[in-house]
Amino acid sequence: LAEAILDEDGLYRRLHPACVKPDGTVSSSAFKTNNHPDDEISVHLARMITPAEALRISSRPTFGVGELAAGVPRRIGFDVTHVPTDLDPSHSLIAGKNTMSKCLELAAATSVVLAPGSLT
Amino acid sequence: MIAVTTSDIRLNEGYALFSEAGMKSRPVTVVQQTLTHADIHSFKRIALQPSPFAPAVSRIDAFGNLPAGWDSYDARPITRDAVDASRSILYRLHEAALDRGTIALAPYHAAPSPDGGVAIEWRRDGRSIELWITPSGSLSAAIDDPLNGTMEREFHSPDAAIAAIEAVIG
């Protein structure tokens, strides 16, 4: 069953190593979508999964994990909803019209909680 | 005067600047002439030095090998057009940096983009510009400075993008 996501809930986003900058901040590319079929960004609801588990279920042990509060995307016009799947009960979506500036804001509000390569 | 006609260096194609050996540290005059092995060694030793642009170029080249889904979601492969356009921008900025004797035009970071493009960031003195190269090679940017906040711009030519980069961090 889908759960309500509070503004203070954490959201995890898996991060390709190239999307973490030398100073440990996150590139806006981490929040850009592929423009097909629409502007949806998959994340994990943090209280339902650990960062390490988020990488394990995607078989990407060399990746990192970033965390941002659900209230951040909501403040810039996105909807944040819990959309559990059989594979990932924590699966959630940041959905709405995405722009370059919004990607920058999401990235700026994201903290790396598991650095790339930490599990290898 | 140094002449290069070998496929080893490929300066005539403009790629020697981004070769594995690094990028040239000063201008080199090119004429058509066959070099000896010793000449080539000398050329590499003298003319090809590590450049602050080289890490970004190497990263961007590697982006071209990323498969579909490289971000663990549904990212598209980085297109050849995006890689080539990124290299072209860096090549021209590198030339400008050589002319001015500065490393300030070297990028801070480069990242692949899930739409098949590339993002390149420059920073200086609290200002930054992030250039987004689309899968087709077109250009836009987000410019951030403490006084004006973040501003988005689209560019109709590489010249316009380079001018904006130089205005922000040059």
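The structure under discussion appears in the preceding block.
Please read all numbers here as calculations on a predicted model, not as lab measurements.

Residue and element names in this part refer to chain B. Across the sheet, five strands lie side by side as β3-β4-β5-β6-β7; this open sheet has antiparallel pairing. This sheet does not close on itself; its edge strands, each paired only once, are β3 (109-112) and β7 (149-155). Across the sheet, the mean angle separating the axes of adjacent strands is 15° when strand polarity is ignored. The sheet contact formed by strand β5 (residues 127-133) and strand β6 (residues 139-145) spans six bridges and is antiparallel. Bridging across to β6, Ser128 finds its partner in Asp144. Relative to the sheet, helix α2 (residues 54-63) contacts β3 and β4 (118-124), its axis offset from that of β3 by approximately 0°. Where helix α4 (residues 158-169) meets the sheet, it contacts β4, β5, β6 and β7, and its direction lies at approximately 160° from that of β5.

Turning to the interface of chain B and chain A, a few remarks are in order. Each side of the interface is counted separately: chain B has 28 residues, and chain A has 26 residues. If you look at where chain B meets chain A, you find three salt bridges. Between Asp115(B) and Lys32(A) there is a salt bridge, with the nearest N and O atoms lying 2.8 Å from each other. Inspection of the region where chain B meets chain A yields 13 residue pairs in polar contact (both at pLDDT 80 or more). Those elements that place two or more of their residues in the side of chain B that touches chain A are α2, β3, β4, β5, β6 and β7 of chain B. Among the elements that line the side of chain B that touches chain A, the one with the most residues is β3(B), at four residues. Here the residues of the side of chain B that touches chain A are counted per class, giving 13 nonpolar, six polar and nine charged.

The next thing to look at is the pairing of β6(B). Residue and element names in this part refer to chain B. The buried count for β6 comes to six of seven residues, which makes it a mostly enclosed element. Between the antiparallel neighbours β5 and β6 lie five residues, among them Gly137 with a positive phi of about 95°. Sheet topology places β6 next to β7; seven bridges connect them, and they run antiparallel. Among the inter-strand pairings, Ala142 is bridged to a residue of β7, identified as Glu152.

Rules and cut-offs
Residues numbered from 1 in each chain as written. Chains lettered and ligands numbered in written order. Predicted model: local features only at pLDDT ≥ 70, side-chain atom pairs only at ≥ 80, totals over all residues. Heavy atoms only, no water. Pairing = 2+ DSSP bridges. Helix = DSSP H or I, 4+ residues; strand = E, 2+ residues; numbered from the N terminus. Axes fitted to C-alpha atoms, helices over the stretch in contact; angles between N-to-C directions. Contact = heavy atoms within 4.5 Å. Salt bridge = Lys/Arg side-chain N within 4 Å of Asp/Glu carboxyl O. Polar contact = N/O pair within 3.5 Å; in protein donor to acceptor, adjacent residues only side chain to side chain. Nonpolar A, V, L, I, M, F, W, Y, C, P; charged D, E, K, R; others polar. Buried < 20%, exposed > 50% of the residue type's maximum accessible area, 1.4 Å probe, protein only.

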